[in-house]
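Single-letter residue listing:
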Amino acid sequence: MTKSEYMKILSHRLRRLPKEDYYRAIEYFEEYFAEAGPEHEEEAIQDLGNPEEAANALIVDFAAQSVEEPPKSVKKGLSAVWIAVLAVFAAPVALPVAVGLVMVAGMLLVCIGIVLFCVVVTAVSTVAGGIISIFGGIVLLFQSPGDGLCNLGLGLFFTGAGLLFTYGSILLFKWFIKKTASSLGKMIKRRTQK
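Residues numbered from 1 in each chain as written. Predicted model: local features only at pLDDT ≥ 70, side-chain atom pairs only at ≥ 80, totals over all residues. Heavy atoms only, no water.

**Description of the environment of E30**
Here is step 1: Residue placement: E30 occurs in helix 2 (residues 19–36).
Here is step 2: Look at E30 and you get partly exposed, because its relative accessible area is 33%.
Here is step 3: Separated by 23 residues in the primary sequence, E30 and M7 have C-alpha atoms spaced 8.2 Å apart.
Here is step 4: Ignoring anything within four residues of it in the chain, the contact list for E30 reads K3 and M7.
Here is step 5: Separated by 3.3 Å, the side chains of E30 and K3 make a polar contact. (Helix = DSSP H or I, 4+ residues; strand = E, 2+ residues; numbered from the N terminus. Buried < 20%, exposed > 50% of the residue type's maximum accessible area, 1.4 Å probe, protein only. Contact = heavy atoms within 4.5 Å. Polar contact = N/O pair within 3.5 Å; in protein donor to acceptor, adjacent residues only side chain to side chain.)

**So, the nonpolar core**
Here is step 1: Ranked by internal contacts, the top residues of the largest apolar core, which has 17 residues, are Y6, M7, L10, L14, F29, F33 and L58.
Here is step 2: Mapped by element, the contributors of at least two residues to this core are helix 1 (3–13), helix 2, helix 3 (41–48) and helix 4 (51–68).
Here is step 3: The dominant element in this core, judged by the number of residues it contributes, is helix 2, at five residues.
Here is step 4: Residues within four places of F29 in sequence aside, it is in contact with Y6, M7, L10, L48, A54 and L58. (Core = buried A, V, L, I, M, F, W, Y, C linked by side-chain atoms within 4.5 Å.)

**Some points on the side chain of T159**
Here is step 1: By the secondary structure assignment, T159 is in helix 6 (residues 145–193).
Here is step 2: Of the polar contacts made by the side chain of T159, one reaches the backbone nitrogen of I131; its length is 3.4 Å.
Here is step 3: Discounting chain neighbours no more than four positions away, the residues touching T159 are V127, G130, I131 and I134.

**A word on the packing of aromatic side chains**
Here is step 1: In the structure shown here, the tally under the stated rule is six aromatic pairs.
Here is step 2: Taken together, a centroid distance of 6.4 Å and an interplanar angle of 35° make the contact between Y28 and Y32 tilted. Placement of both Y28 and Y32 in helix 2 is noted, with a separation of four residues, approximately one turn of the helix.
Here is step 3: Here Y28 falls in the partly exposed class, since its relative accessible area comes to 47%.
Here is step 4: Of the aromatic side chains, those joined through ring pairs into one cluster are Y6, Y28, F29, Y32 and F33. (Phe/Tyr/Trp six-rings, centres within 6.5 Å; stacked < 30°, edge-to-face > 60°.)

**Let's talk about helix 3**
Here is step 1: Those residues of helix 3 lying buried are A44, I45 and L48. For helix 3, the angular spread of the buried residues around the axis is 100°, confining them to a single face. Away from the buried face of helix 3 by more than 90 degrees, exposed residues E42, Q46 and D47 are located.
Here is step 2: Two residues or fewer past helix 3, G49 is found with a positive phi of approximately 90°. (Arc of directions from axis to C-beta.)

**Looking at the packing of helix 2 against helix 3**
Here is step 1: It is at 8 Å that the axes of helix 2 and helix 3 come closest, and there the two elements cross at 140°. The angle between the axes of helix 2 and helix 3 places the two elements in the oblique class. Crossing angle aside, the handedness with which helix 2 passes helix 3 is right-handed. Contacts between helix 2 and helix 3 involve F29, Y32, F33 and A36 on the former and, on the latter, E41, A44, I45, D47 and L48.
Here is step 2: Taken together, the residues of the contact of helix 2 with helix 3 break down into seven nonpolar, no polar and two charged. (Axes fitted to C-alpha atoms, helices over the stretch in contact; angles between N-to-C directions. Parallel < 35°, antiparallel > 145°, perpendicular 65-115°, else oblique. Left-handed = near helix turned anticlockwise from the far one by under 90°. Nonpolar A, V, L, I, M, F, W, Y, C, P; charged D, E, K, R; others polar.)

All we've got here are geometric facts, nothing functional implied.
Quick look at the structure:
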């Protein structure tokens, strides 16, 4: 077995290690072979032993080392400090903006609800107007048959159209309430999962 074959097998076995540990191990073996020199390459391979066994021993050593003392990361500590500093400085701006956005979203929902309520009231008013026109047409039918028939026809038309309009607006109102509740439920569920 040559040095390149040994290193190829070793690097393949060590690929599961974290990058820092992997490069440190490969560097150690490269230095070992460099110190032995090309003429003592076979002796170095025999001293190191089977590449699979050497890789497994290194993995076990690194695992034991990480259990004894967890790796300290200055980068993670600094990023936490920066996040805290940014949160402190962003709070005077972010909090009012967040409250404003929540209020705008709430008012938008209220406005949509009011519009839908007005649609329902308009539909009910159309039905009521149609019913009144039917009764007016019946009364006018005896005094002026032409006007009575016209009012009666318009009353029937508006009553029918108003009933359809009322039914459609109630369905629209229910759909809006269902979608709003579903969206709010999803938002709350996402918040609780974080």
